[in-house]
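Residue-level structure breakdown
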Amino acid sequence: MARSAAAKAASGRVSPPLPPNPAPTQPIPGTVSTSSKNKNKGASKRPNDYTSEGVADNDVFLLPGSDYQLLLGITLLAAAVRLFRIYQPTSVVFDEVHFGGFASKYIKGKFFMDVHPPLAKLMITLFGYLAGFDGNFDFKEIGKDYLEPGVPYVAMRLFPAICGVLLAPTMFLTLKAAGCRTFIAAMGACLIIFENGLLTQARLILLDSPLMIATAFTALAFTSFTNQQELGPSRAFSPSWWFWLVMTGLGLGMTVSIKWVGLFTIAWVGGLTLVQLWVLWGDHRNVTISTFSKHFLARAFCLIAIPVAFYMAMFGIHFLCLVNPGEGDGFMSSEFQSTLNSKGMQDVPADVLMGSKVSIRHVNTQGGYLHSHPLMYPTGSKQQQITLYPHKDDNNLWFLENQTQPLGADGLPINGTSAWNNLEETPYIKNGAIIRVYHVPTHRRLHSHDVRPPVTEAEWQNEVSAYGYEGFDGDANDFFRVEIVKKKSKAGVAQERLRTIDTKFRLVHVMTGCVLFSHKVKLPAWASEQQEVTCARGGTLPNSLWYIESNEHAKLGPDAEKVNYANPGFLGKFWELQKVMWKTNAGLVESHAWDSRPDSWPILRRGINFWGRNHRQIYLIGNPIVWWSATAAVVIYILFKGIAVLRWQRSFNDYADPVFKRFDYEIGTSVLGWALHYFPFYLMQRQLFLHHYFPALYFSVIAFCQIFDFVVARISALGLKKNPLIGKAGALLFLLISVAAFTLLSPLAYGNAWTKAECKRVKLFNTWDWDCNTFLDSYEAYDQLANSPAAASPTSTSKPSVNVQAPAPAENPVAAGEQAKAPAVEQPKEKVSGAPAAGEQRVVHTEERVEYRDQDGNLLDMEQVKALEGKVEFKTRYETRTRIIDAAGNEVFVGAQEGAPVPVAPPHPDVEGVDRETPKNLAPDESIPAAEKSVEGEKEAEGKVPKPASESKEKTAKEEL
């Protein structure tokens, strides 16, 4: 769409193209208008409008029949590669824990909170539902068996697999729309087919494969639209022009409705659209104000209105499906929760009086209730615990008393909780009132004193407890002043006195001046992991705000004014959920053993361990030939652009050459897509993984194929244009090398049998940290394993005996630590290699052992370990091993020979070392650093159990509250 730059005049020179270089059919800001006297010799007459030079109609609906035949072949090949043994593994893999679990919740209608939009999860649910999935399988653990409960997991994996299959023909059509030769488009499609990382993600119940096809479809649609736009005014507003513009908007809506990574795709399309509009604005001869307005409004409707409407429609379906309370509703406001079945509340009296029996909710942590129970703090005052609890319960009920009892007609105090029921004057609780808060079930009062809390032992925090007994008058440490926060309360009377729901207030401890406070810090197991409540001096306002939810009083009869939560409606629920998703997503800052930082992605430094069992492993790693070539293409373009700018500064007229301009714009467009899908991750402090690079990888593969196309078919100076066989041979050779690399690493994608020797041969770097010791020494050993008694009873419910060991990882000798503690592991539905028939198995012994091994898995004695101390890095790895014995007590060996390794699940992120480059920040106002010193209990120990990436982890009220 850029008019070509003219030869520079003596008085000045032409401005360089803006990065990214505008489409060649568009006039470049600052360029000199084309005229006959500044044309190169032999050049054809250039257009006098925004039509591009050197651009043909690349409409993918007008391809020759042979291209469609090739497209069908590519699709069939992709299907064969993606669907091969899709039934394995037959157990839960990595984040199938979450996305399979979400399908169960959709079918049951139980509300959950996830950081990703719902489109892909809804589609996975649809495939499972059509295959007969009833939602009763919970997907709770990696390795949980699918076969015995009859989960249609293959059907659920089929949706991501279909998306992965369609990615290859979409790449073919995108390259054709960009003007590439057919054999190069086919090469690009095959690079996608034989990319190990994309294959791994496409075979499992994960969101990345649907995200990739949505991103690819958007790139195809916008590339096709750009081609129509570059053909000039004659194609503007034509059916093809409109079709691809609408499809671009639909693609954007789909992409952002799967993951918010789609916002980067929106940025790519939006940036290039602004360039198009800028060029149109500059063509004052052919584009009138009226015409420009039409262009602008068409793009605004298709690229803004359609994606927004599609995105909101997905959440509309999401809300229609999730109508029942679930584990995730604790994240939402009380108003939101009241829209769920059985969560609605009856109208309650509006005025809160002295003598009211109330429940008090915290504002900032999604409405947990002020709670107490007859358990004592193990340290500090050792008085009764005060916590925040997310569910309705009788232990949430409190009685509001004045600091003194009311006086009767005789002038004497009226004792008892009914003392305020028969007063002539209505005892409103006004701003500044001093009250006592009496816990009805245990007859103790809310109390604070200058004692540090058991968990958050900060100087500015005081312990809050329940103190006293029935009939005890209490002391001055029971006094709290009601401080109404007017800017947070409903306008009117709710700003003057306590009103149910409408008044937001603080409770200020009279004796110490601290404020009743809670934050997202969980107490240990001795408090059932409920949320901590303290009294904070200088606590932040959001964390010290409270309100009354339920309210009963004898003076408030049926005719009393009633209130209830306002129905937020669809827009209110939609916007609240977006804010919760954003906050939760930003809070995922803990390190993970398999996370990685963006600088390691283009060079494929490390992958992600997904699953391991029966001497097989699934490890996400890309095809190094594809990754490194794609990265090289980006580097080549960056060098080209730098040199082009330097030459422009020295008055070279390179941009007068149409091929030069097309190279700059076409490849620059793809590199811009790569950059916008890559560099924003540097700004994120949250957990990041290799699969976050996939959209950027897709654009870099496009750039690689475009550069290849220019080199072999479009740049005449290289001489390859006249010898197309050389280009085809080069493409075939490169493809064969890529397929070879794919084949060598494919056991890690499919979970196939593999030998230690083959594994070690392809493990080029220590950072490729899959464990070759997981695999057997020969394929014959796998045959023996398959023919073992365990193969005949895969649904055995026995409890195998277990050794808990801590051998070293492959890279360095390892100290497993002073002690490796683990209980006997029960695997009720798991195939146990070499196990006797069901009903004859029992646990006979468990033991814990520490081992030291070198990088090859060889056992080291203590003398060798001492000699290595200070010379190598010692790492800890936990493993669970099963030893099988027969009825006579003899050990049964199941490998190729005695001593062959038994099935071992690969080390998981949470028991491996973490990536030290991942920053570990605390979300502001969410927890206090001292809270990390919590007393270890049963729940803390459970945190060491392997679990999936917390990026996708469903946040529950129990975890947060």
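Since this is a predicted model, take the numbers as computed values, not measurements.

Regarding the overall build of the protein chain
Looking only at helices and strands, the protein chain features 22 helices and 21 strands. Within the protein chain, buried positions represent 57% of all 961 residues. Accessible surface computed for the protein chain: about 39800 Å², of which carbon and sulfur atoms make up 58%.

Remarks on the packing of aromatic side chains
Following the criterion strictly, the structure yields 62 aromatic pairs and no others. Ring geometry for W601 against Y693: centres 6.3 Å apart, planes inclined by 50°, an arrangement best described as tilted. Taken together, the residues span a long stretch of sequence, with W601 in the loop between α12 (569-586) and β15 (608-613) and Y693 in the loop between α14 (658-676) and α15 (694-714) at a distance of 92 residues. Of the two residues examined, W601 and Y693, each falls in the buried class. Each member of the aromatic cluster is reached from another via a ring pair, and the members are F264, W601, W627, W674, Y678, F679, F681, Y682, Y693 and F694. K573 extends its terminal NZ or CZ atom over the ring of F336, reaching a point 5.1 Å from the ring centre.

Notes on the side chain of N196
Here N196 shows up in helix α6 (residues 196-202). By relative accessible area, N196 is classed as buried at 1%. Reaching out from N196, the side chain makes a polar contact with the backbone oxygen of F742 at a distance of 3.2 Å. Among residues more than four places away in sequence, those in contact with N196 are I621, G622, N623, F742, L745, S746 and A749.

Brief notes about the state of the cysteines
Under the criterion given, the structure shown has 2 disulfides. Between the sulfur of C759 and that of C772 lies a disulfide, 2.0 Å long from S to S. Sign of the S-S torsion, about -75° for the bond between C759 and C772, identifies this disulfide as left-handed. Highlighted residues: C759 in helix α17 (residues 756-762) and C772 in the loop between α17 and α18 (779-786), separated in sequence by 13 residues. A relative accessible area of 4% places C772 in the buried class. If you count the bonded cysteines of the protein chain from the N-terminus, they pair up as 1-2, 3-4. The cysteine C180 is free of any disulfide, with C705 supplying the nearest cysteine sulfur at 6.8 Å.

Concerning helix α4 (residues 153-177)
For α4, with 25 residues, the first-to-last C-alpha span of 37 Å sits near the 36 Å given by 1.5 Å per residue. Of all the bends in α4, the greatest reaches close to 35° and is centred on F159; the proline P160 follows between one and four positions later. With respect to burial, α4 is a largely interior element, 21 of its 25 residues being buried.

Quick look at the pattern of salt bridges
Counted according to the given criterion, the structure contains 27 salt bridges. Measuring nitrogen to oxygen at the nearest pair gives 3.1 Å for the salt bridge that ties D351 to R497. A residue pair is termed long-range when its members are at least 10 positions apart, and D351 in the loop between β1 (348-349) and β2 (357-362) and R497 in the loop between β9 (480-484) and β10 (505-509) qualify at 146 residues. The shortest N-O distance in the salt bridge between D769 and R606 comes to 2.5 Å. With D769 in the loop between α17 and α18 and R606 in the loop between α12 and β15, this residue pair connects regions lying 163 residues apart in the sequence. Each member of the pair D769 and R606 is classed as buried. Where salt bridges share partners, they join R181, E230, R662, E666, D709 and R714 into one cluster.

Brief notes about the nonpolar core
Core analysis: the largest hydrophobic core is formed by 163 residues, its most contacted members being F139, F610, W674, V701 and W770. In this view, W674 contacts V634, F679, Y693, A696, F699 and S700; residues no more than four positions away in its chain are not counted. A419, L446, L507 and V533 belong to the second-largest nonpolar core, a separate cluster that totals 33 residues.

Some details on the packing of helix α1 (residues 65-83) against helix α5 (residues 182-193)
At a closest axis distance of 10 Å, the pairing of α1 and α5 adopts a crossing angle of 10°. Considered as vectors, α1 and α5 are oriented roughly parallel to each other. Judged by residue contacts, D67, L70, I74, L77, A78, V81 and R82 of α1 engage T182, A186, A189, I192 and I193 from α5. Of the residues contributing to the contact of α1 with α5, the split by class is 9 nonpolar, 1 polar and 2 charged.

Focus on a nonpolar patch on the surface
Judged by side-chain polarity, F61, L62, Y68 and F243 come together as a nonpolar surface patch covering roughly 420 Å² of accessible area. Topologically, F243 is positioned in helix α8 (residues 239-256). The partly exposed category is assigned to F243, whose relative accessible area is 35%.

What about the packing of α8 against helix α9 (residues 262-282)?
The description of two helices packed together rests on the angle between their axes and the distance between the axes. Relative orientation of the contacting elements α8 and α9 amounts to 155°, with a least axis distance of 7 Å. Comparing their axes, α9 and α8 come out roughly antiparallel. Seen from above, α8 lies across α9 with left-handed handedness. Two secondary-structure elements touch here, α8 through T248, L252, T255 and V256 and α9 through G262, L263, T265, I266 and V269. Per-class residue counts for the contact of α8 with α9 are 5 nonpolar, 4 polar and no charged.

Structural notes on helix α16 (residues 724-750)
Taking 1.5 Å of rise per residue, 27 residues should cover 39 Å, and α16 covers 37 Å from first to last C-alpha, within 8% of that figure. Directly after α16, the chain includes G751, whose backbone phi takes a positive value near 75°.

As for the side chain of S91
On the secondary structure map, S91 appears in the loop between α1 and α2 (96-108). Taking relative accessible area as the criterion, S91 reaches 1% and is therefore assigned buried. Beyond its immediate stretch of four places on either side in the chain, S91 contacts E96, G143, K144, D145, Y146, R157, W611 and R613.

Here's the deal with the environment of F775
Looking at where F775 falls in the secondary structure, it is placed in the loop between α17 and α18. Classification of F775 as buried rests on a relative accessible area of 1%. C-alpha of F775 to C-alpha of R616: the two residues are 159 residues apart in sequence and 6.3 Å apart in space. When sequence neighbours within four positions are dropped, the list of residues in contact with F775 reads H615, R616, Q617, L748, W754, T755, K756, C759 and Y782.

Topic: the pairing of strand β11 (residues 515-522)
The buried fraction of β11 amounts to 7 of the 8 residues, a majority that puts the element mostly inside the structure. Two strands pair when backbone bridges link them, and β11 and strand β12 (residues 531-536) are joined in this way by 5 bridges, in the antiparallel orientation. Across the sheet, the residue bridging to K522 is Q531, located in β12.

Quick look at the pairing of strand β5 (residues 397-402)
Examined bridge by bridge, β2 and β5 share 3 bridges and lie antiparallel to one another. Directly across from V358, in β5, lies its bridge partner W398. Taken together, the 5 bridges between β5 and strand β6 (residues 434-439) define a ladder with antiparallel strand orientation. In the sheet register, F399 faces β6, and the bridge partner there is Y438.

Comments concerning the environment of D654
Here D654 shows up in the loop between α13 (624-649) and α14. Classification of D654 by relative accessible area gives buried; the value is 14%. For the pair formed by D654 and A644, sequence separation is 10 residues and the distance between their alpha carbons is 7.6 Å. Not counting the four nearest positions on each side in its chain, D654 is found in contact with R647 and F660.

Section: the confidence of the model for the protein chain
Predicted confidence across the protein chain gives a mean pLDDT of 81, with 78% of residues reaching 70 or more. Counting interchain partners and residues more than four positions distant, the pLDDT-below-50 stretch residues 1-44 has 123 contacts. Confidence over residues 893-947 falls short of pLDDT 50; this stretch has 123 contacts with residues more than four positions distant or in other chains.

Things to note about unusual backbone geometry
The omega torsion of the bond from Q88 to P89 falls at 0°, within 30 degrees of zero and hence cis. Within the fold, P89 resides in the loop between α1 and α2. Even without a glycine there, the phi angle at F94 is positive, about 45°. Position of F94 relative to the elements: it lies in the loop between α1 and α2. With a relative accessible area of 1%, F94 lands in the buried category. Of note, the phi angle at F139 is positive, near 55°, even though the residue is not glycine.

Cut-offs used in this document
Residues numbered from 1 in each chain as written. Predicted model: local features only at pLDDT ≥ 70, side-chain atom pairs only at ≥ 80, totals over all residues. Heavy atoms only, no water. Helix = DSSP H or I, 4+ residues; strand = E, 2+ residues; numbered from the N terminus. Buried < 20%, exposed > 50% of the residue type's maximum accessible area, 1.4 Å probe, protein only. Areas by Shrake-Rupley, 256 points an atom, 1.4 Å probe, with all protein chains shown as cover. Phe/Tyr/Trp six-rings, centres within 6.5 Å; stacked < 30°, edge-to-face > 60°. Lys NZ or Arg CZ within 6 Å of the ring centre and 35° of its normal. Polar contact = N/O pair within 3.5 Å; in protein donor to acceptor, adjacent residues only side chain to side chain. Contact = heavy atoms within 4.5 Å. Disulfide = S-S within 2.5 Å. Expected span 1.5 Å × (residues − 1). Bend = angle between axes of the 7 residues up to and from the residue. Salt bridge = Lys/Arg side-chain N within 4 Å of Asp/Glu carboxyl O. Core = buried A, V, L, I, M, F, W, Y, C linked by side-chain atoms within 4.5 Å. Axes fitted to C-alpha atoms, helices over the stretch in contact; angles between N-to-C directions. Parallel < 35°, antiparallel > 145°, perpendicular 65-115°, else oblique. Nonpolar A, V, L, I, M, F, W, Y, C, P; charged D, E, K, R; others polar. Patch = residues over 30% accessible without salt bridge, like charges linked within 9 Å, V, L, I, M, F, W, Y side chains within 5 Å. Left-handed = near helix turned anticlockwise from the far one by under 90°. Pairing = 2+ DSSP bridges. pLDDT = per-residue confidence, 0-100.

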